[in-house]
Structures are given as structure tokens and as C-alpha cells.
Amino acid sequence: MTFLIILITIISVLLVVFLTWFFSMAAEGKCPLCALKRLSFSKLTINTREVEDYENYVSNLPIMGWSSWNTLRNHISEDSIYETAKSICDSGLAEAGYKYVNIDDCWQSSLRDEGGHLQGNLESFPSGMAALCRKINSLGLKMGIYSSNGTMTCEDMPASLGNEELDARTFASWGVEYVKYDYCHNEVISGSTPIIEYIDISKKGERAEIRLRPDHAKFSGKAKAVKCSDLPSKQGIGFLNHGAGSALYTLDVPSGGEYVFTVHYYKNYYHKKQYMQIVVNGNVHEVFFPKGLAFTHDATVQLTARLNAGDNFIKLCNPVATKADSAYIQYKKMGDALKSASAEWAAHKGAKEKPITYSICEWGFNKPWLWGRKAGNMWRTTMDITPHWSRIVSIYNKNIKLFKYSSPAHVNDPDMLEVGNGKLSLEENKSHFTLWCMMAAPLVLGNDLRKLSDGTKKSGAILKILTNKSLILIDQDSLVKSAKLIKRKSGIDTIARPLTNGDIAICFFNKTGKRKPIEFDLYSLTEEKYLHFAKSHNYEIHELWSDERDYGSSIKANVEKHGVKVYRVTPKD
């Protein structure tokens, strides 16, 4: 009986708290039910069906290159980067297809320059990033750079949140052709929007002659004109929060140009930063409202936007309902900035454009495989890799499930390769490389390439793995279709992917700690619609590590512990 009383008391208290919150939200001109959508943290609620896929005219294939983080961490310099770039050429890696030299975190100075631009560490990169890029380019390679979608990077250096356009222009001016955009120190955009009293629009230096009022708006969704609880004699636009609705205006102006938008809104002491988008003729302008101290009830924020002569279409909204919505908006903003910056810089210089491959690195928290193709070229699907077998297998287990999201110029990124690092055995190194090739992953090396030419047996074996032409051809196949898990039995995963010419690649991955036999009927793959594999009386079966070839309709082999057998199979009639 006592338990029942306690339970009823708890439920009553929670109900009172919920109802108090519900009615206070409504009193502030917000949709409380819409705000509950934020509980679905990683669910994208923004409709992206009509958003075009991210296209910046880079190669459709997964990138191949090297990144500094796994080996050099925060101890990098222009000398170590350039030495590695030379090693890529001298070792034959460049000839095998590895072209990107990606500089990860800690290249930056803690100081932006007088114009607010990012700059290289003034001690370890004294020549500057543009000069280093030119040196790397002179080797026939491309330079990549790193920043974060936060107030600081993962190593607490200056990052790009709020400075996307400026930093994108800086990267483009250096000649950068790859940007990894991390997720440390991220600030989630608020789904909350204050009541908007009106918006004045004027030319710079002139008094406003245009005022967008609530009674001029065409509302959609739950958006509507509301009264402010503190100033009940006045109306404003409410229920814009958490994707609840929008206010639409058609505005005719006599002359085009840059205009000042002065947004008059009602403050509220209890709220943190709030947010709204003003979409002018399809161009999104963000408005961040600071936390209010409520000494006065109303306040203003300003922005500038370009209007056309004649009719203009203006929409007020806040599409952010979840953390995934926030991540999508922020990552897309940087991606769009990079596209514009590379095109503008080429036009400014009268030179050929150097498109920037854009790598979304938000660790898979907000399911970027569902929206990444609308915002960038590649997206991390997991947290960071380490040179431990268990970690490599766990990343594979997650990434292999996402096969259907891989396509030309848009790929899942299971993070950099650890081949040659840590205490991985030879078989584990081969398996790691094979699985990444099968999953159409970027092949970004993370080992110290300067040691590959030391003449040791280990270095020779690692170089042989990284330059396996047959497996690189699998990874770089123009269909860019990742492998699908076909069968999982007795510790053996059978995965397969379709290839451009009607071939398939099939891999048997032994997760167990002992050698295992496998026997597989190739005819069974003709039933897999994803593979589009033709029936044949005879197949050429090419094992890609031993380079042995056989003919028939079945595969029999032994797979070493933590090892793979991988084949390219070609129908012969």
C-alpha cells in the first residue's frame, strides 16, 4: 500500500511539472508538443527529399591518401608533413593511387590573424599553409586540412563553428583539396524561437520603410499570430519553434541590393540562446538570439541579406527539432561554404577550380548516413579507430550494415587505416585492408610512411599490403557499392559486392581464433538482387592475396584465424 502511495505521488508530481511546462511554453508563443520531438536525439526531422545531393565535382571514388593523426598526433610540423609526402612518392604509394596528404588537428596557431583568418602554428609551420600546399602539389599530391564543427577542435585549437564562410575561403586560398570537419566542442542549435513582433527592412544608412508584421504573413503548420504574456496589447509571430510551422511573406522592392533586416522580438529571462532562419529567395540566413536578462521585454537583432528588384520571397522558420537536425544544418553550412569558396577563388585567380572533398566527422552520433549525401562527400560512421583488433572488428560490424548508403561521391567512412600500427598480426593487417576495400571505404593510411623504406621485413610486408592492385581496384570500382553481409555462420562472415563489369568481389572473414574451412556455392549469389550476378556454367575465381586463379562454380579454402579469403569472380559464358 505504501509503494502504491509513493508511486501515485511521483506520478502526480511529474504530471504537475509537465502541465506547468506545457502551459508556460504555450504562453511564450511556442508549440509544446513540437518541442517534445527533441527527445528523438538522432532522428532527422528536416525533410531533405527535395534537397539536391552534395555535388562539388570531385572524383566519384573513395579518396586514397594519408592522415597525420594516428602516428604523429599533436607533434606535427611542416617538415614531418613534407617528409611524409615525399615518402608517398618514393615508396610507390602515389603510383598505387594514394594522393591526399591530410593534416589533422594541431596544425593551427591558437591565434587567428588580424583579419580573423586561421593560420598555421607560427613555430612548427613557419612557412605558412599555402606554401606547404604548393610544395605538396609540386609532388603531384593534394593537401588536406582539419577543423571542427565546434567552438574549438578536439585538441582545443581554434575551430570553425560560426566562421564557416571565412574559414572555407581561407582553405580555398591555400589550395586545400580536402577538409575533415570534426565534432568536438559542438554547440547544438536551439529548437526554440522567441515571439517575433515584426521585422524592419531598410537600405544601409537609411530609415526603414518596410515592416513585416504578423498580419501580413501567410502561415503554415502551427505558426500563428499570438499575444505576448508580458505585453498582451501587442501581437507577434509564435509557434515557429521545433519545426512547428513558418511565416511566409512576398515582398516587392523597387531596387535590388543589400538590405538590413532588423528583427524585433520578445525576450525571456529563462531561455538560453534561441534560433530562427530567415530564408530569402531560397538563401538561408541564420539568426541567433542571445540569452535574455529581461530588463526590458523587447530587443532586436540584425542581419543583412540581398533582395532582388521586384518580388522577393521570405520565410521565417526554425526547422531544428532534434540534435540530428542541428548537425545536418551545421555540416551542410560548411559544405556549402567550401563549394562556394573553391569556385570563387578559382574565378578570382582565373585558374582551374580545385574542388574540396568534404569529410563529415561527427562519429555516427546523428546517423549521418541518412543525410550525409545532402551535405558532403563522406561521413564517419563510428567513433575513432585504434590499432586493436577488437576495435577494428567492432567498426566493421557496424559499417557493413550500412552498405546501401554508399554511392559515387558519397561514401561511408569507417575511419583511417591502422595497417602497420600497434601489434596487429600480418593476417589482421591483411584482413583490415581487405574489409575496408570491400566496404568501398576511403583508404586513408595512418602509419608512419617515412619508415616504409627502412628495408625491414615488416615494412616490406606492410607496403605489399597497401599496394595490392587487385584489392585497390575493388575499393575504387566505379559503382562504389559497398559489400553486403550475405551469410554469418560459425564465426565466418561472407560478404560480397557488385562490380562494374558484372563481376563480384566475395570475401570470407574468419573472426575466430582458429583456422576454419569454408565451402561456398557461387550459384547462390545469383539470387541476391543487390549483386546482379549472372548465372554461368563456369566462373573465373581469382584469389586476390595469393593471386591464384581457378575455374568452377564453387569455392573451397581454409581461412586463417582473424584472416580473410577474398576473390574476384567473373562469369565466363
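As the structure is a prediction and not an experimental result, all values here were calculated from the model.

Caption draft 1: Main features of the overall build of the protein. Along the protein, the regular secondary structure elements total 12 helices and 27 strands. On the principal axes, the C-alpha backbone points of the protein span a range of 85 × 75 × 50 Å. Within the protein, the proportion of its 573 residues that are buried is 54%. Long-range contacts, defined here as pairs at least 24 residues apart, represent 72% of the contacts in the protein between residues at least 6 apart.

Caption draft 2: How the structure looks around the side chain of Asn-186. Mapping Asn-186 onto the fold places it in the loop between strand 4 (178-182) and strand 5 (196-203). There is a polar contact of 2.8 Å between the side chain of Asn-186 and the backbone oxygen of Asn-149. With sequence-adjacent residues up to four places away left out, Asn-186 is seen in contact with Asn-149, Gly-150 and Gln-330.

Caption draft 3: Structural context of helix 10 (residues 426-438). The terminal C-alpha atoms of helix 10 lie 18 Å apart, and with 13 residues this matches the ideal 18 Å at 1.5 Å per residue to within 8%. Summarising burial for helix 10: 11 of the 13 residues are buried, a large majority. For helix 10, the set of buried residues is Glu-428, Asn-429, Lys-430, Ser-431, His-432, Phe-433, Thr-434, Leu-435, Trp-436, Cys-437 and Met-438. In the stretch just after helix 10, Ala-440 is the one whose phi turns positive, near 55 degrees.

Caption draft 4: Looking closely at the packing of aromatic side chains. Across all of its chains, the model carries 21 aromatic pairs by this definition. In this structure an aromatic cluster arises from ring pairing among Tyr-54, Tyr-181, Tyr-183, Tyr-328, Tyr-331, Tyr-358, Trp-363, Phe-365 and Trp-371. If you follow Lys-224 out to its NZ or CZ, it ends over the ring of Phe-239, 4.6 Å from the centre.

Caption draft 5: View of the pairing of strand 22 (residues 504-510). Within strand 22, seven of the seven residues are buried, which leaves the element mostly enclosed by the surrounding structure. Residue alternation in strand 22 divides its side chains into two sets, Ile-504, Ile-506, Phe-508 and Asn-510 and Ala-505, Cys-507 and Phe-509, and both sets are buried. Inspection of the sheet shows strand 21 (residues 492-498) paired to strand 22 by seven bridges, in the antiparallel sense. If you follow Thr-494 over to strand 22, its bridge partner there is Phe-508.

About the cut-offs
Residues numbered from 1 in each chain as written. Predicted model: local features only at pLDDT ≥ 70, side-chain atom pairs only at ≥ 80, totals over all residues. Heavy atoms only, no water. Helix = DSSP H or I, 4+ residues; strand = E, 2+ residues; numbered from the N terminus. Buried < 20%, exposed > 50% of the residue type's maximum accessible area, 1.4 Å probe, protein only. Contact = heavy atoms within 4.5 Å. Polar contact = N/O pair within 3.5 Å; in protein donor to acceptor, adjacent residues only side chain to side chain. Expected span 1.5 Å × (residues − 1). Phe/Tyr/Trp six-rings, centres within 6.5 Å; stacked < 30°, edge-to-face > 60°. Lys NZ or Arg CZ within 6 Å of the ring centre and 35° of its normal. Pairing = 2+ DSSP bridges.

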